[in-house]
Each structure stands twice: as structure tokens, then as C-alpha cells.
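Structural features, examined
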2 protein chains.
Amino acid sequence: MTALLPEGLRDRLPPYADAAAAIEARVLGAIRAHGYERVDPPLAEFAEALGTRLKAGALHDAVRFVDPVSQRTLAIRPDITAQIARIAATRMGHHPRPVRLSYAGSALKLRASQLSPARETRQIGAELFGLDSVAAAAEIATVAVEAMAAAGVAQPSIDFTLPDLVDALAAGPLPVAPEVLAPLRERLDAKDAGAVAQIAPDYLPLIAAAGPFAPALARLRAFDRDGTLTSRLDALAAIAATLDGRVAMTLDPTERHGFEYQTWLGFSLFGGASAAELGRGGTYMVVHEGGAEEAATGFTLYADRLVGDSPTGERRRLFLPLGTPAEDGARWRGDGWVTVAALEAGDTPEAQLCTHVLAEGAARAL
Amino acid sequence: MTALLPEGLRDRLPPYADAAAAIEARVLGAIRAHGYERVDPPLAEFAEALGTRLKAGALHDAVRFVDPVSQRTLAIRPDITAQIARIAATRMGHHPRPVRLSYAGSALKLRASQLSPARETRQIGAELFGLDSVAAAAEIATVAVEAMAAAGVAQPSIDFTLPDLVDALAAGPLPVAPEVLAPLRERLDAKDAGAVAQIAPDYLPLIAAAGPFAPALARLRAFDRDGTLTSRLDALAAIAATLDGRVAMTLDPTERHGFEYQTWLGFSLFGGASAAELGRGGTYMVVHEGGAEEAATGFTLYADRLVGDSPTGERRRLFLPLGTPAEDGARWRGDGWVTVAALEAGDTPEAQLCTHVLAEGAARAL
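About the cut-offs
- Residues numbered from 1 in each chain as written.
- Chains lettered and ligands numbered in written order.
- Predicted model: local features only at pLDDT ≥ 70, side-chain atom pairs only at ≥ 80, totals over all residues.
- Heavy atoms only, no water.
- Buried < 20%, exposed > 50% of the residue type's maximum accessible area, 1.4 Å probe, protein only.
- Helix = DSSP H or I, 4+ residues; strand = E, 2+ residues; numbered from the N terminus.
- Arc of directions from axis to C-beta.
- Contact = heavy atoms within 4.5 Å.
- Polar contact = N/O pair within 3.5 Å; in protein donor to acceptor, adjacent residues only side chain to side chain.
- Pairing = 2+ DSSP bridges.
- Axes fitted to C-alpha atoms, helices over the stretch in contact; angles between N-to-C directions.
- Phe/Tyr/Trp six-rings, centres within 6.5 Å; stacked < 30°, edge-to-face > 60°.
- Buried area = accessible area lost by both parts, 1.4 Å probe.
- Salt bridge = Lys/Arg side-chain N within 4 Å of Asp/Glu carboxyl O.
- Nonpolar A, V, L, I, M, F, W, Y, C, P; charged D, E, K, R; others polar.
- 1 Å grid on protein atoms, 1.4 Å probe; cavity = no way out; pocket = protein on both sides within 12 Å on 5 of 7 lines; lining within 4 Å.
- Points joined across faces, edges and corners; volume = space filled by probe spheres on them.
- Parallel < 35°, antiparallel > 145°, perpendicular 65-115°, else oblique.
- Left-handed = near helix turned anticlockwise from the far one by under 90°.
- UniProt positions renumbered as here; feature names shortened; annotations may be inferred.

Right, let's get into helix 9 (residues 213–223) of chain B. Residue and element names in this part refer to chain B. Among the residues making up helix 9, those that are buried are Phe-213, Ala-216, Leu-217, Leu-220 and Phe-223. Along the axis of helix 9, the buried positions cluster into a sector of 120°, meaning they face one direction only. Seen from the open side of helix 9, the exposed residues pointing more than 90 degrees away from its buried face are Ala-214 and Ala-222. Residues of helix 9 that are buried make contact with strand 7 (157–161), helix 5 (165–170), helix 8 (204–208), strand 8 (211–212), helix 10 (230–243) and strand 9 (248–251).

Structure, rendered in C-alpha cells:
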């Protein structure tokens, strides 16, 4: 059976693939309009170097192979953002900051997760390097929302989180024993009120401070009696103000899964027909050669989730009957039509999924 | 050194990557306008199945790995056309013919060749399945020429070859011993008149029948005294007639390298700054499950060669000074501008490679 594909890998067929390409082009156009310039790293890199920029364990899920040229192990990228960070830190390390970069490409995983069974993922994203400010985070969140709009996502929403919230509270007004920190974070992420009550009851109000943005933020402000979180909450409020009215906003301050490497801000993007998140983003640190760190903010959209399973879109195809002069076809194409030329007597517009036929110089709808 | 990349793999940086993406979009648009719908096969497939559709030995140069899910060997595609043929023969096997498909994507090789040191190649192409006619070949050649025009290729040219020419002559008027066939083909391909004179002197005139299309075709017609080649030469003449005036044309009837799997027609595409071919195409056979064969015609362009080393292109960036209202930026983006917002007091239009600054409601050139 040469038709069979490995689990988690698939063909994108007509009309899906064209719809996906059109959506990707619109998303990249929206990102580009904000000054983000495209970079395109290779499919494979030295595994060890790539691993230093991936989340812990991610290299384990990458396809690796021995390079006959260098005799070293290479890895197919399981994620593109690590490569963009490498480019910003190395080849574009001396460019004036901030550096704004965009990308679109495929990443491949050796193993899929239960939640996302696809092993090949098409990622589209934007990253801003060299600024750790509310203005930078607000710009990235704005570009993410505009990218969703460009993709035609219905009912877009953004769910904010504060990835280092528990660390900040534990280092300040609500100390916990070091060995409790990890389970506390994990149980808060799971919204397990019973366990949190046992581990560190002071943290219980955080679970209630999740939901629509404004009331959740107000609950967090009330909870933050000594002002430990003030700068974070002011930043969130400022970012939300720039997005106000353009997207539904929620706040889930203890959401942590997948945000382990984010610094003070994380967000998930939702909308359209997909129950799964359409993308995610936040603030993080990039390591330069020599060890210096640089702040960055960015987001990634998962292209296939933007398209959905049944892309709608106009498929306007004009059938050119046998013997149509070449210049006639060129004129219709010049006017934006897709033409399908009959190449033998038996060709029919129906078999070629045409919507129109050229007849007496006009496009007649079928 | 985390900045170092393996030999034959590279980052595409600004402004190259944006220029490459723009050219690719224009090329795909030209292909799409002729009714070719996009398919997008996965990066990896079962190695054995992919191997049956690749040229002999090509699987040897593919990155292969054991799939932990199926425990079978998978291969990263070293070439995309084999996957398009699979889709046409299997998942789209029951669609009415002809089926017109297009694609764009990256292919990865474990080893590069001396001639093309890149191990990752971006391919863009179009394939037409189910017709073995002059009309089909002429359409594909036309689309290839229009794709080069869409890419802005200067001085485009197309070099035709007749891959099964020697086989046809050897089976007809100019028999040679079976063991001589392969060396004869190979020496003709190398234009080694001395060796051809020794092996099979009757074939010598073929070497002279290479060059600008019209005189080369005339020499071939004169050589073809018994009419063995008439249908091929008439077909070539008809294809050339449809392209007349749009592209320089040459004929190299014994060129064979890389066309081993082509049937009666092959062509190479040249132009622009690249000395290497920009792409190639021709007629070939696709095997359906069960063993039935189907004729196909297609071409592939190598995207990086279309771009060249120093892409030119307008980089019009409008700097928005600190405090510019968000709606002002949106208005300029709506008018087609790329805007770059100042995010802190120290930002300058020069550092952000801007060409214009927004001043008193107008875009002032820098």
C-alpha cells in the first residue's frame, strides 16, 4: 500500500491546501505590515546546538540522524522559534534593537502528543528581540490579534497568564518550602482547589481569579495586598487596553502548561472552529553566545488550526473550450480568473470542477 | 559555536527571505491561474513506498529514521515530485483526468552533489496527470515560461531534449548492440564526438544537431531520413510554436543527465543571474497501485535560484514616532505601508532601516 502515510503525517489536498496557503499569506502580510521581516532557517541543524535553545526534553522528540559530512548528529527542527532565537542572537546579534522577525515553516516531531496527534506542524509567527517592556508585549499581542483577523478567525479570544506569578509570590509575601513550589504550581495549573488548600491555602484565591479579563484582574488586585504584583497587573491592564474591543480577553493567572520558559507574560489564542488553541505567545529570554541574556516577546500560530477542516472559499474556474486562442485565456487570467483549458475533445467543465465556461467571449456561469 | 550550521544548510535572512517568499507567491499565482490546484504532502513518508517512486538511488540520499510509532523506516523527502505522483495515483486516482496539481515546499538530502551543494532545496512546480499529448506538454511548457516571467527572470530560455531518442533510433534504423546502448547514450550526453565515432558513427550527426531551436530541429529532420522521429519532431515544433517570441529556445537532443526517467520530452529552464538551471521538466509515467501506468507532464523550479544572491526589491518602511496613535498606524498599513512603531525613546528610523518617517500626518522620505 504505497498510499498509506505514517501516523500523524498527512497530505493536504485541494481545495484545502490552496485555502491554507491563502490564509498563511494573509497572516504573514498582517505580520509584515508591522515591520517584521521574514527569516527562513533550515529544516535541520546540529542537534546539540539546537537542543540548547529548545525546551527541556524537546530534542528527545526530534528526528535525529548522523550527518555523513560532519559525522555529527543533526536534528530536524521540532519547533521553529528556537531557530529564530538563534538567528537573533548570532547572525543578527549586532543589528540595532529591537529586531522584529517573522517566519513560516514546517516542524517535525518524532513523537506526537495525545493532545496534538500531528507530527508535522506548520508554524507562522513573529518575534521581537531586545525589549522587555509593556509596549513590546502590547505590540506582539496586537500583531497576534491582527494575524487572527487576517486569517478570518471568528470570535477570536486571547487568554493571558502570568507564568512567574507563583515564583514572585513565593519569593515575597507568601513563602512556601522549596520542595512545595513545583507541586503547588502544578496543582494551581490543574485548578485543584483541594490539593492547593492542603499544600498552601494562601494561594487558593488565585484559582478564583480566572475568567473574563476585567473581573479576574480586579480579583487579582484585591488579592495582591502588598503590591508584589502591581507592575505585572499594570502591564496586563495596559496591554488589554490596547486590545480593547478587538478581541475577547480572559485571564488565567496560574495557567502554566507550555509556558514554563516564559518570563512574566504568556497568552493563548483561541477562536474559529478549533477547540484547541490556535497559537500562543509571551515573553522569554534569549541567550547570546558568551552567555548574555536578552528579552524577547513573540507568538506562534498553528496554521492548520487556522484553516479548520472544511475551508470555504471561492473556487471560480473558467473552462476554456478546445481551440480557445491562447491570448483569450491570457486576458481572462489577467483579469484574475483561474482558467482551465480543454486539452482534448472529451474534456468537460464539470469534470474539471469549473464554475464558468467561456462562450462567445463571455464567462457563462454553470 | 551555536551559530554554525551544517554544510549545505543555511539561514535565509532579511531582505532575502521576504524577496524569496514574494517571488514564490508570484510563481504559484501564475501556476494557479492555469487551473493547477495546490497539494501539500508531508515532510516524511514510509521510506520503502517513497523509494518506489523516486529515481534509482535517490532513497540512498534521503534522511531516514526509524518511526517509534510504526517501527518502520521513514524518509524525509529528497524530492517532492515523487509525492505528487503518489497523490495523483492514489488519493486522487479516481478524479477525472487530466488532474492538474501544484506544490511548493522544501526537500532535504543527506548528501549534496558537487554541482548543487545545497542539501535543502525549495521546490515549486506543476504536474499534469492523465494525458500524453502535445497539448499537455505545450501547456506545461507555457506554464513554466509564465512562472519564470512571474519570478521576474531576465532572459529566460528553455532547452529541449528528447530523452528516449537513442532508444528509438536503436530500436529502428540505427541498431546497436545492447551492451553499447548505455555507453553510447552517455558519450552522446557528454558530446564526446571521438568516442561516439568509435562506438556508433551513425549517431555522430546528433551531436551537431544541438543549438538554437529552429536550425537544430532542421538538422534533426534531415538526419531522420526514414521518419522514425517524425512524431517527436512534429510535437517539438508544435510546442515551440506555442512559446514563440516569449522565451529563447534551444534543442540539445542527446542531453540525458537527470532525464533518465523522462519519456519522450525533457526540458531545462535557464535565465537570470543563475548559471545553473532554474528548473526542469518533461513527460514521464506514473505507476498506479495494481501496476497500471499513466502519462504525466510537469516541471519543477528551484526557488533559491530564482531569487539570486542579491534580491532587489522595494523596502519601504514607515517609522511611527513614539506616541503615534494606533489608528494612524492602522490607516497607513491599510494603504499598503509597512510601519515600524517606536517602542521607546531611543528608537530611530535609521536603526530600524526605515525609508520614511511619519511627520505631521505625512510620510516624509529620509
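With that out of the way, let us pick up the side chain of A:Asp11. Looking at the element boundaries, A:Asp11 is found in the segment before helix 1 (16–32). Look at A:Asp11 and you get buried, because its relative accessible area is 4%. Only 2.8 Å separates the side chain of A:Asp11 from the side chain of B:Arg86, close enough to count as a polar contact.

Further remarks concern the sheet that holds strand 13 (residues 317–320) of chain B. Residues and elements named next belong to chain B. A sheet is described by the order of its strands in space; here four strands give the open sequence 14-13-15-16, paired in mixed fashion. The open sheet has two edge strands, strand 14 (338–341) and strand 16 (362–365), and neither has a second partner. Each strand axis lies, on average, 35° off the axis of its neighbour in the sheet, ignoring direction. Summarising the sheet, strand 15 (residues 356–359) and strand 16 pair through four bridges and their orientation is antiparallel. Bridge pairing in strand 16 places Ala-359 opposite Ala-362.

Moving on, we get to the packing of aromatic side chains. Enumeration according to the criterion identifies six aromatic pairs over all chains in this entry. Each ring, one from B:Phe160 and one from B:Phe213, has its centre 5.8 Å from the other, and the planes form 65°; the classification is edge-to-face. Taken together, the residues span a long stretch of sequence, with B:Phe160 in strand 7 and B:Phe213 in helix 9 at a distance of 53 residues. Take B:Phe160 and B:Phe213: they sit in the same class, and that class is buried. Geometrically, the ring pair formed by B:Phe160 and B:Phe267 is edge-to-face, given 6.3 Å between the ring centres and 70° between the ring planes. With B:Phe160 in strand 7 and B:Phe267 in strand 10 (residues 266–271), the pair connects residues that are 107 residues apart, well separated along the chain. Here B:Phe160 and B:Phe267 have matching classes, each one buried. Through a chain of ring-to-ring contacts, three or more aromatic side chains come together here, namely A:Phe160, A:Phe213 and A:Phe267.

Facing the 77 residues of chain B at the interface are 77 residues of chain A. Across the interface of chain B and chain A, roughly 6,900 Å² is buried in total on both sides, 58% from carbon and sulfur atoms. If you look at where chain B meets chain A, you find twelve salt bridges. Residue A:Asp18 is joined to B:Arg32 by a salt bridge in which the shortest nitrogen-to-oxygen separation is 3.7 Å. Seen at the junction of chain B and chain A, the total is 24 residue pairs in polar contact (both at pLDDT 80 or more). A breakdown of the residues in the side of chain B that touches chain A according to their chemical character gives 42 nonpolar, eight polar and 27 charged.

Scanning the entire structure with this criterion turns up three cavities of 30 Å³ or more. In this structure, the largest cavity is lined by B:Leu162, B:Pro163, B:Leu165, B:Val166, B:Arg185, B:Leu188, B:Pro253, B:Thr254, B:Glu255 and B:Arg256. Only helix 5 and helix 6 (178–189) of chain B provide two or more residues apiece to the lining of the largest cavity. Here the residues of the lining of the largest cavity are counted per class, giving six nonpolar, one polar and three charged. Computed from the structure, the second largest cavity encloses a volume of approximately 50 Å³. Lining the second largest cavity we find A:Leu162, A:Pro163, A:Leu165, A:Val166, A:Arg185, A:Leu188, A:Pro253, A:Thr254 and A:Arg256. Counting residues per element, the ones that place at least two in the lining of the second largest cavity are helix 5 (165–171) and helix 6 (178–189) of chain A. Among the residues forming the lining of the second largest cavity, the class breakdown is six nonpolar, one polar and two charged.

Turning next to the packing of helix 9 of chain B against helix 10 of chain B. Residues and elements named next belong to chain B. Where helix 9 contacts helix 10, the two axes come as close as 11 Å, and the packing angle between them is 165°. Looking at the two axes, helix 9 sits roughly antiparallel to helix 10. In terms of crossing hand, the pair formed by helix 9 and helix 10 is left-handed. Contacts between helix 9 and helix 10 pair Phe-213, Leu-217, Leu-220 and Arg-221 from the former with Leu-233, Asp-234, Leu-236, Ala-237 and Ala-240 from the latter. Here the residues of the contact of helix 9 with helix 10 are counted per class, giving seven nonpolar, no polar and two charged.

With that out of the way, let us pick up the pattern of salt bridges. All names here are of chain A. For the structure on display, the rule yields 44 salt bridges over all chains. The partner of Arg-232 in a salt bridge is Asp-164, with the nearest N and O atoms 2.9 Å apart. Separated by 68 residues along the polypeptide, Arg-232 in helix 10 (residues 230–243) and Asp-164 in the loop between strand 7 (157–161) and helix 5 bring together distant segments of the chain. Both residues of the pair, Arg-232 and Asp-164, belong to the buried class. The closest approach of N and O atoms between Glu-277 and Arg-280, which form a salt bridge, is 2.7 Å.

Next up on the list: the UniProt feature "binding site: L-histidine" (unreviewed entry) in chain A. Residues and elements named next belong to chain A. Summarizing the sequence annotation, UniProt attributes the feature "binding site: L-histidine" (unreviewed entry) to Asp-79, Ile-80, Thr-81, Gln-123 and Glu-127 in the numbering used throughout. Their sequence span is 49 residues, while the largest C-alpha to C-alpha distance among them is just 13.8 Å; these annotated residues converge on one region. Mapped onto the secondary structure, Ile-80 falls in the loop between strand 4 (73–76) and helix 3 (81–89). Exposure remark for Ile-80: the relative accessible area of 1% places this residue in the buried category. Apart from residues no more than four positions distant in its own chain, Ile-80 is found in contact with Pro-41, Tyr-103, Gly-105, Ser-106, Ala-107 and Gln-123. Here Glu-127 shows up in strand 6 (residues 120–129). Given the relative accessible area of 2%, Glu-127 is considered buried.

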